[in-house]
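Understanding the architecture of this molecule
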Amino acid sequence: MSAEHVETPIPAPLPLRTIGDIRAALRSGHGFPGDQETFEADLQRALEASSETDLNAVAAVIVDYRGRIRLYQDPDFDIAIQEGLDLAAQLKQEDPRT
């Protein structure tokens, strides 16, 4: 019997349809360090700058933090960050100016 390839299970995406969903995800530790506080500040600034007919700034904040939460959940994200750091270190070592 051959060994089967075992993949890390990918967690189901969080429901991030509302501001409440985003707040709950950030309170639960999803997202990057400090996102919970900066989300509230960014949302407040966007609300204050918006008119009653133009809430594009608010929507942009929601989309941004929803994307941050999804990135943080992606199991390949840490691998990609490490690959980038390794490449930067390698390029730094190969730089003839150093």
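Here, every reference points to the structure presented above.
Below, the structure is looked at part by part. Residue indices follow the written sequence of each chain, beginning from 1 at its first position. Per-residue local features are limited, in this predicted model, to residues with pLDDT of at least 70; the limit for side-chain atom pairs, both in listing and counting, is 80 or more; totals at the level of whole chains, interfaces and linings are taken over all residues. Side-chain calculation: all heavy atoms of the structure are included, whereas hydrogens and water are not.

Some points on the pattern of salt bridges
What counts as a salt bridge is simple: a side-chain nitrogen of Lys or Arg found within 4 Å of a carboxyl oxygen of Asp or Glu. What the rule picks out here adds up to 4 salt bridges. For Arg45, the salt bridge goes to Asp42, with nearest N and O atoms at 2.3 Å. Placement of both Arg45 and Asp42 in helix H2 (residues 35-49) is noted, with a separation of 3 residues, approximately one turn of the helix. On the accessibility criterion, Asp42 (22% relative accessible area) is partly exposed. For the salt bridge of Arg68 with Asp64, the shortest nitrogen-to-oxygen distance reads 3.4 Å. In this description a helix means any DSSP run of H or I spanning at least four residues, a strand means any run of E spanning at least two, and both kinds are numbered starting from the N terminus. Each residue's exposure class comes from its accessible area (1.4 Å probe, protein chains only) as a fraction of the maximum for that residue type: buried when under 20%, exposed when over 50%, partly exposed otherwise.

Some thoughts on the packing of aromatic side chains
The pairing test for Phe, Tyr and Trp rings, Trp by its six-membered ring, is centres within 6.5 Å, and the orientation test on the planes gives stacked under 30 degrees, edge-to-face over 60, and tilted for anything in between. On inspection of all chains with the given rule, the structure shows 3 aromatic pairs. With 5.6 Å between their ring centres and 65 degrees between their planes, Phe32 and Phe77 make a pair best called edge-to-face. One end of the pair, Phe32, is in the loop between helix H1 (19-27) and H2; the other, Phe77, is in helix H4 (residues 77-94), with 45 residues separating them in the sequence. Phe32 sits in the partly exposed class, given a relative accessible area of 26%. Here a set of aromatic residues connected by ring pairs shows up, and it is made of Phe32, Tyr72 and Phe77. The ring of Tyr65 has Arg68 lying over it, and the distance from NZ or CZ to the ring centre is 4.6 Å. Geometrically, a charge over a ring is one whose NZ (Lys) or CZ (Arg) sits within 6 Å of the ring centre while staying within 35 degrees of the ring normal.

Here's the deal with the packing of H2 against helix H3 (residues 56-73)
Only the contacting stretch of a helix is used when fitting its axis, a line to C-alpha atoms as for every element, and angles between N-to-C directions run 0 to 180 degrees. Their axes nearest at 8 Å, the elements H2 and H3 cross at an angle of 165 degrees. Accordingly, the angle class assigned to the pair H2 and H3 is roughly antiparallel. In the packing of H2 onto H3, the handedness of the crossing is right-handed. Side by side, H2 and H3 meet where Asp35, Thr38, Phe39, Asp42, Leu43, Ala46 and Leu47 of the first sit next to Ala57, Val58, Val61, Tyr65 and Arg68 of the second. The residue inventory of the contact of H2 with H3, partitioned by class, reads 8 nonpolar, 1 polar and 3 charged. Oblique is the label for any angle not under 35 degrees, not over 145, and not in the 65 to 115 range, which are roughly parallel, roughly antiparallel and roughly perpendicular in turn. Left-handed describes a crossing whose near helix is turned anticlockwise from the far helix by less than a right angle; the clockwise case is right-handed. Throughout, a residue-residue contact means that at least one pair of heavy atoms, one from each residue, lies within 4.5 Å. Three classes are used: nonpolar for Ala, Val, Leu, Ile, Met, Phe, Trp, Tyr, Cys and Pro, charged for Asp, Glu, Lys and Arg, and polar for all others, with Gly counted as polar.

Considering the nonpolar core
Think of a nonpolar core as a cluster: buried Ala, Val, Leu, Ile, Met, Phe, Trp, Tyr and Cys residues, connected wherever their side-chain atoms sit within 4.5 Å. Membership of the largest hydrophobic core is limited to 12 residues, which are Leu16, Ile22, Ala25, Leu26, Phe39, Leu43, Ala46, Val58, Val61, Ile62, Tyr65 and Ile69. Those elements that place two or more of their residues in this core are H1, H2 and H3. Sorting elements by how many residues they give to this core places H3 first, with 5 residues. Here Ile22 is in contact with Leu16, Phe39, Ile62, Tyr65, Arg66 and Ile69, once residues within four sequence places are set aside.

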